[in-house]
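Structural description and commentary
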Amino acid sequence: MKTLIIGAGPLGGLYAYLLHRAGKDVTLLARGAHYDFLKKNGLILVNAFTEKRVVEKVNVIDRLHEEDAYDLVIVLMRKNSVLKLLPALSRYKGLHHFLFMGNNTARFDEYTRHLPAEKILFGFPGGGGSRLDHEVHYVDSEKPKGARMPVTIGEMDGMIRERTLEIKSLFESSGVPVNIVDDIDSWLKYHVAFVLPVAGALLRSGDNYQLAKDSATIREYIMAVKEAGKVLKVLGYRKSYNPKFRLFYLFPAWLLGKILRKVFDSKFAEVAMMMHVNAAGDEMAELTREFHALKKESGVATPHFDKLMSQIGNRKVENAHLNV
């Protein structure tokens, strides 16, 4: 399967490396100074737990040509960047299947407006990180020497097709476990309901280590997740898939708070959560806008969720000021 990865960030770089190391026909698309760096120096990855550093020369391009052909295009970009990319992708007839891996709270017609529905499936990567001075710093497990976190994939209609299994095989034969779900729309919405309040809580406290000590904000986070889950249930989304989400309804707040303090007081939270929040304010603002549309449609009051989301709105204003 000839594969193109669009998005040379932490997980785009990691999966390009893993597929390349496994002997797959994979190409990474990068732009500007990062493309120049990769061509000259290769892909550099640093495991944030172990600080192990690897350097690998992978096939890299900085643009697509009309005659280019790929069996699979994996798009690993922030949601707001993906929306800008869609019109351009529609022009290349040699791109056969698209796997969009990332946050998404809106309906899929944003994508099918530009690309044929039969070419599209969705998913989410396992892990997180950030690119620092062209080096990818990442975690793909929740603790040192832990099992690699799985990729999640699913077709829009929930069917398992031949291509679904081929993509599963592509990742698994490269050492990346895969979960196939039959309602990827619900999976993505519940994921955002779980993690978007994290961004607001982190911004309010300052960083993940300070949040681990901030009992009041952790309580606010717990209530915000419950409210976001209620929004989705009222709208008919029932499958959260993530067993951690159910803990917010099963465990008393004091016990859940104790668990969350340990989660936030970790290297994993620093790399997979805090680094992403610092780097992706534009995406967080887009996801907040999308979830507010769902909230309005549901009619559910979300006072705790709204308080944490105001932190993201404030951050957006700060970033806009800095860019002037």
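Residues numbered from 1 in each chain as written. Predicted model: local features only at pLDDT ≥ 70, side-chain atom pairs only at ≥ 80, totals over all residues. Heavy atoms only, no water.

1. Here's the deal with a negative patch on the surface
Heads up, the condition is: Two distance rules govern patches: like charges are joined within 9 Å, and nonpolar side chains (Val, Leu, Ile, Met, Phe, Trp, Tyr) within 5 Å, applied only to residues with over 30% relative accessible area and no salt bridge. In this description, accessible areas are obtained by the Shrake-Rupley approach with a 1.4 Å probe, and a residue is regarded as covered only by the protein chains that are shown. Salt bridges are identified by distance alone: a Lys or Arg side-chain nitrogen within 4 Å of an Asp or Glu carboxyl oxygen. Working convention for charge: Lys and Arg count positive, Asp and Glu count negative, and His plus the chain ends are omitted. To locate a charge, the coordinates of NZ of Lys, CZ of Arg, CG of Asp or CD of Glu are taken. Counting from the N terminus, the helices are DSSP H or I runs at least four residues long and the strands are E runs at least two residues long. A simple rule labels every residue: compare its accessible area, found with a 1.4 Å probe on the protein chains alone, to the largest value its type can have, and call it buried under 20%, exposed over 50%, or partly exposed in between.
Residues Asp-25, Asp-71, Glu-162 and Glu-166 make up a contiguous surface patch of negative charge. Tracing the sequence through the fold places Glu-162 in helix H5 (residues 162-172). Owing to a relative accessible area of 61%, Glu-162 belongs among the exposed residues under this scheme.

2. So, the sheet that holds strand S9 (residues 128-132)
What counts here: Note: two strands are recorded as paired if DSSP finds a minimum of 2 bridges between them. For every element, the axis is a line fit to its C-alpha atoms; helices are fit only across the contacting stretch, and the angle between N-to-C directions ranges from 0 to 180 degrees. A contact between two residues is defined here by any heavy atoms of the two lying within 4.5 Å.
Spatially, the four strands line up as an open sheet ordered S4-S3-S10-S9, and their pairing is mixed. On the outer flanks of this sheet lie strand S4 (53-56) and S9, each paired with one strand and no other. Recorded for the sheet is a direction-independent mean angle of 25° between the axes of neighbouring strands. Pairing between strand S3 (residues 43-47) and S4: four bridges, direction antiparallel. By the bridge assignment for S4, Ile-44 is matched with Val-55. The sheet contacts of helix H1 (residues 10-21) involve S3, S4, S9 and strand S10 (135-139), and relative to S3 the element is tilted by about 105°. Seen against the sheet, helix H11 (residues 267-279) touches S9 and S10 and runs at an angle of roughly 60° to S9.

3. Some thoughts on the side chain of Thr-217
With respect to the secondary-structure elements, Thr-217 resides in helix H8 (residues 215-234). Once residues within four sequence positions are removed from consideration, Thr-217 is found in contact with Ala-201, Arg-204, Ser-205, Leu-211 and Leu-308.

4. Focus: the layout of surface pockets
Which entries qualify depends on this criterion: Within this scheme a cavity is a closed region of a 1 Å grid, computed over the protein atoms alone, that accommodates a 1.4 Å probe without allowing it to escape, whereas a pocket is open but has protein on both sides within 12 Å along at least five of seven lines; lining residues each have an atom within 4 Å of a point. Grid points are joined across faces, edges and corners, and a volume is the space filled by probe spheres set on the points. Here the term charged refers only to Asp, Glu, Lys and Arg, the term nonpolar to Ala, Val, Leu, Ile, Met, Phe, Trp, Tyr, Cys and Pro, and the term polar to all other amino acids, Gly among them.
There is about 290 Å³ of room inside the second largest pocket. Around the second largest pocket sit 17 residues that line it, and Asn-47, Lys-52, Tyr-138, Asp-140 and Arg-148 are the ones nearest its centre. When contributions to the lining of the second largest pocket are tallied by element, the ones reaching two or more residues are H1 and S3. When residues of the lining of the second largest pocket are assigned to their parent elements, the largest contribution, four residues, is made by H1. Here the residues of the lining of the second largest pocket sort into eight nonpolar, four polar and five charged.

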